[in-house]
Amino acid sequence: MSATLNSPLSCAISSSFTLQERKLRFAAQSANTSIIFRPRRCFPLIRASSGSSSSLDTGLSTELDAVTSYSEIVPDTVIFDDFERFPPTAATVSSSLILGICSLPDTKFRSAVDTALADSKCYGLESSSDRMSCFFNQALVNVGGDLAKFVPGRVSTEVDARLAYDTHSIVQKVYKLLELYSEVGVAPERLLFKIPATWQGIEASRLLESEGIQTHMTLVYSFCQAAAAAQAGASVIQIFVGRLRDWARNHTGDPDIETALRKGEDPGLILVTKAYNYIHKYKHKSKLMAAAIRNKQDVFNLLGVDYIITPLKILQSLKESVTPPDEKYSLVRRLSPQSAATYNFSDKEIVKWDQYSFASAMGPAAVELLTAGMESYVIQSKRVEELFGKMWPPPNV
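None of the values given here were measured: they were computed from a predicted structure. Residue positions are given per chain, counting from 1 as you read along its sequence in written order. Totals for whole chains, interfaces and linings use every residue, but because this is a predicted model, local features are given only for residues with pLDDT of at least 70 and side-chain atom pairs only at 80 or more, for both listing and counting. Side-chain metrics in this entry use all non-hydrogen atoms of the structure; hydrogen atoms and water are not considered.

1. Concerning the side chain of Thr198
To be explicit about the condition: In this text, helices come from DSSP runs of H or I with a minimum length of four residues, and strands from runs of E with a minimum of two, each type numbered from the N-terminal end. Remark: exposure states derive from per-residue accessible area (1.4 Å probe, protein chains only) relative to the maximum for the residue type, with buried under 20%, exposed over 50%, and partly exposed in between.
Note on placement: Thr198 falls in the loop between β5 (191-196) and α8 (199-210). A residue is classified by how much of its surface remains accessible, and Thr198, at 0% relative accessible area, is buried.

2. Focus: the pattern of salt bridges
Threshold: What counts as a salt bridge is simple: a side-chain nitrogen of Lys or Arg found within 4 Å of a carboxyl oxygen of Asp or Glu.
Within the structure shown, the criterion is met by 12 salt bridges. Across the pair Asp114 and Arg110 runs a salt bridge, and its minimum N-O distance is 3.2 Å. Of the two residues, Asp114 and Arg110 both sit in helix α4 (residues 110-117), 4 residues apart, roughly one turn of that helix. According to the relative accessible area criterion, Asp114 is partly exposed, its value standing at 35%. The closest approach of N and O atoms between Asp119 and Lys121, which form a salt bridge, is 3.2 Å.

3. Regarding the pairing of strand β8 (residues 287-291)
Our working definition: Only when DSSP finds a minimum of two bridges between them are two strands counted as paired.
Counting buried positions along β8 yields 4 of 5 residues, so the element is predominantly enclosed. Direction of pairing for strand β7 (residues 236-240) relative to β8: parallel, over a ladder of 5 bridges. Considered in β8, the bridge of Ile237 is made with Leu288. Sheet topology note: the β8/strand β9 (residues 307-311) ladder contains 2 bridges and is parallel.

4. Examining the state of the cysteines
Disulfide: a covalent bond connecting the sulfur atoms of a pair of cysteines. We apply this condition: By convention in this document, the label disulfide applies to cysteine sulfur atom pairs within 2.5 Å.
A complete count under the given rule lists 1 disulfide for this structure. Through a disulfide, Cys122 is tied to Cys134; the S-S separation comes to 2.0 Å. Across the disulfide from Cys122 to Cys134, rotation about the S-S bond amounts to roughly -70°, and the bridge is consequently left-handed. Of this pair, Cys122 sits in helix α5 (residues 120-123) while Cys134 sits in helix α6 (residues 128-150), and the two are 12 residues apart along the sequence. For the pair Cys122 and Cys134, a shared accessibility class is recorded, and that class is buried.

5. A word on unusual backbone geometry
Of note, the phi angle at Lys283 is positive, near 60°, even though the residue is not glycine. You can see Lys283 is positioned in the loop between α12 (267-281) and β8. Residue classification places Lys283 among the exposed positions, given a relative accessible area of 71%.

6. Focus: the packing of aromatic side chains
Convention followed: A pair of aromatic rings is counted whenever rings of Phe, Tyr or Trp (Trp by its six-membered ring) have centres within 6.5 Å, and the orientation is called stacked for planes under 30 degrees apart, edge-to-face for over 60 and tilted otherwise.
Under the definition given, this model contains 9 aromatic pairs. Ring centres of Trp199 and Phe358 lie 5.4 Å apart, and the angle between their planes is 50°; on these two criteria the pair is classed as tilted. Of this pair, Trp199 sits in helix α8 while Phe358 sits in helix α16 (residues 355-361), and the two are 159 residues apart along the sequence. A single burial state applies to Trp199 and to Phe358, both of which are buried. An aromatic cluster of three or more residues is present, and its members are Phe223, Tyr278, Tyr282, Tyr343 and Phe345.

What follows is the structure, encoded as structure tokens:
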């Protein structure tokens, strides 16, 4: 498997190009430019319940009880801890999770990786890159299969970000993963496939969803990404609230972000609000996931969104905070289908998105953050393959 990501967005990391030149390159899908990868730590995710069913209307005991009555809380955590405090209901299997498993030899999931490295279909391949790709696929599926036995909900499986600009390759990768999941007895309805929200990734989502295969679009930083993914029928759309806020603190030149700031609004929260309202006003099936949450107020401002990925520190604070009925501030639902029905969109926001309009609407924040996010995924994938190359063959092969 190639160690580089051929990307029409790679020009976004060079200051020598104007935004218009970047957009033109984005639309042209240059296949000859390689990204320089910068490592960034990323964590797999586990969806969890609060362990309580109380609500605001019944004299709730904690803030966590309150927020879980409006949105499903997703702890931003590694797979190995905090099960008792936040019982998982679903999980994500990714390259970073595989690396975590390999660093903890005593974990119950290590045998899933060892079994993948002993798979005869893989070690019979002549090409080293094909062999490592096969091991990687099998490890993702073996761990995902174990997680599917452990959690009652769906397991989301990362699709290699090096394929993010090749619709056909994304679809074929998902078919292969589905085939492997079938071999370990996991039904398609228990699965999501996590795909970067490039235009090609969104087109892959459209094709897969038309066949009943559920997709999870990630690295969404702009309204055009969210709207196009909803039009494609993506099952889950994931927006990173805090990363947009961080970008706005250190950069200028993005019209949507500057408009939000002039109004005194947070660009990440505004994007989630707009995407949620679009999905519900125009009756799309997608569920919206808010990620990169920085504080409790972010959680409160997003109440009503389908999923909120929340760091453990914030979850613990919510769990420890009592909210009596006469609390000085009120936890209210901020997003609802009813409020979405009255939200007004401009004509340019309700277009049928195509590749050209999509590329034209991608502002500098979305371009740069999407590129950086995929760099992070790719560096993790490279590390897994390098590690497998050192671990293979296992002693019994």
